[in-house]
Amino acid sequence: MKLSMQLYSARFATPYDDVIRRLSALGYDAAEGFFGVFDDLPALSAALEETGLTMPSLHVPLDRIEADAKGVADLAEQVGAVMIFAPSLSADQRPTDAEGWTAFAARLAAAQEAISEQGLRFGWHNHAFEFEPTPDGQIPMEIILTEAPLIEWEADIAWIIRGNADPLEWIARHGDRITAAHFKDIAPQGEKTDEDGWADPGTGVMDWPAILAALRHHARVELLVAEHDKPSDFDRFATQAAAAWQTLKG
């Protein structure tokens, strides 16, 4: 299991090639790109080669994959990425019933086929909304995993919790689909409001020793991807996440 960093966390600490160098100095193994870095891929590629970090995974919007899977593969080739995760859906695009989620899962299955034809792997990265029951009581994430059986899952554990679900239960039931996981934390109620209630890994309320043990036992996680959706200080967060990982991995 390698420690990576979702570069969305560093969007206010750019340039990204300099971020790569800082992550290398902190002991990170990898970084995870997202659509905000695509214009900087040549500089990122140079920084990765310089430092020895890798970028095995990218977040790419689903509509971009659907429009041009070959173009996505070309992007991935620039940084050596092999795993493509569709990261989210805007609120106005989210299905409102089980039928809609079944149709969405069919889109993910088609994207997986298109990406696999390019020699790459494809999966979905969750937020909280996939755990909100449909009017008939079904859980969208369950529909996604059932109706798109070949996609991988990048499990964002903190968002599972914010979706009022039990991450240990989901890991136990669907660990064979989880090939990457996001490493973040949730602040105690009422704290860190300037950071949207997020905390640096190991400083919040999440039981990461138990979560990591479950991932090791049930899942096949290759990448543990540190992330903070709104850090007030990126370097503080990146340093703490690396330190927490060193403690957790033993």
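Scroll up for the structure.
On a predicted model such as this, the values are computed, not experimentally measured, just so you know.

**Details of the pairing of strand 6 (residues 152–156)**
Then, in step 1: Counting buried residues in strand 6 gives five out of five residues, a clear majority hidden from the surface.
Then, in step 2: Both faces of strand 6 are covered, namely the face carrying Glu152, Glu154 and Asp156 and the face carrying Trp153 and Ala155.
Then, in step 3: Alignment of strand 5 (residues 121–125) against strand 6, held across three bridges, turns out to be parallel. Counterpart to Gly123 in the pairing with strand 6 is Glu152.
Then, in step 4: Handedness of the crossover is the feature at issue here: the chain leaves strand 5, passes through helix 6 (residues 140–147), returns alongside strand 6, and the resulting connection is right-handed.
Then, in step 5: Here four bridges tie strand 6 to strand 7 (residues 178–183), and the two strands are oriented parallel to one another. Bridging from a neighbouring strand, Asp156 pairs with His182 of strand 7.

**Remarks on the packing of aromatic side chains**
Then, in step 1: The final tally for this structure, using the stated rule, is 11 aromatic pairs.
Then, in step 2: A ring pair is formed by Trp101 and Phe129, whose centres lie 6.2 Å apart and whose planes are at 20 degrees; its orientation type is stacked. Taken together, the positions of Trp101 in helix 5 (residues 98–116) and Phe129 in the loop between strand 5 and helix 6 put the pair 28 residues apart, joining distant regions of the chain.
Then, in step 3: Owing to a relative accessible area of 3%, Trp101 belongs among the buried residues under this scheme.
Then, in step 4: Classification of Phe129 by relative accessible area gives buried; the value is 8%.
Then, in step 5: Ring geometry for Phe183 against Trp208: centres 4.9 Å apart, planes inclined by 85 degrees, an arrangement best described as edge-to-face.

Cut-off values and rules
- Throughout this document, residue positions are counted from 1 along each chain, in the order its sequence is written.
- At least 70 in pLDDT is required for a residue's local features to be given in this predicted model, at least 80 for side-chain atom pairs to be given and counted, and no such filter applies to totals for whole chains, interfaces and linings, which use all residues.
- Water and hydrogen atoms were dropped before computing side-chain values, which therefore reflect all heavy atoms in the structure.
- Per-residue accessibility, obtained with a 1.4 Å probe over protein chains only, is compared with the maximum for each type, and a residue is labelled buried under 20%, exposed over 50%, and partly exposed between these values.
- The helix count covers DSSP runs of H or I at least four residues long, the strand count covers runs of E at least two residues long, and both are numbered beginning at the N terminus.
- Strands were regarded as paired on the criterion that DSSP finds at least two bridges between them.
- The definition of a right-handed crossover adopted here requires that, viewed with the strands pointing away, the path from the first strand over the helix to the second runs clockwise.
- Two rings from Phe, Tyr or Trp (for Trp, the six-membered ring) form a pair when their centres are within 6.5 Å of each other. A pair whose planes differ by under 30 degrees is stacked, one over 60 is edge-to-face, and the rest are tilted.

Take it as geometry only, folks, not as evidence of what the structure does.
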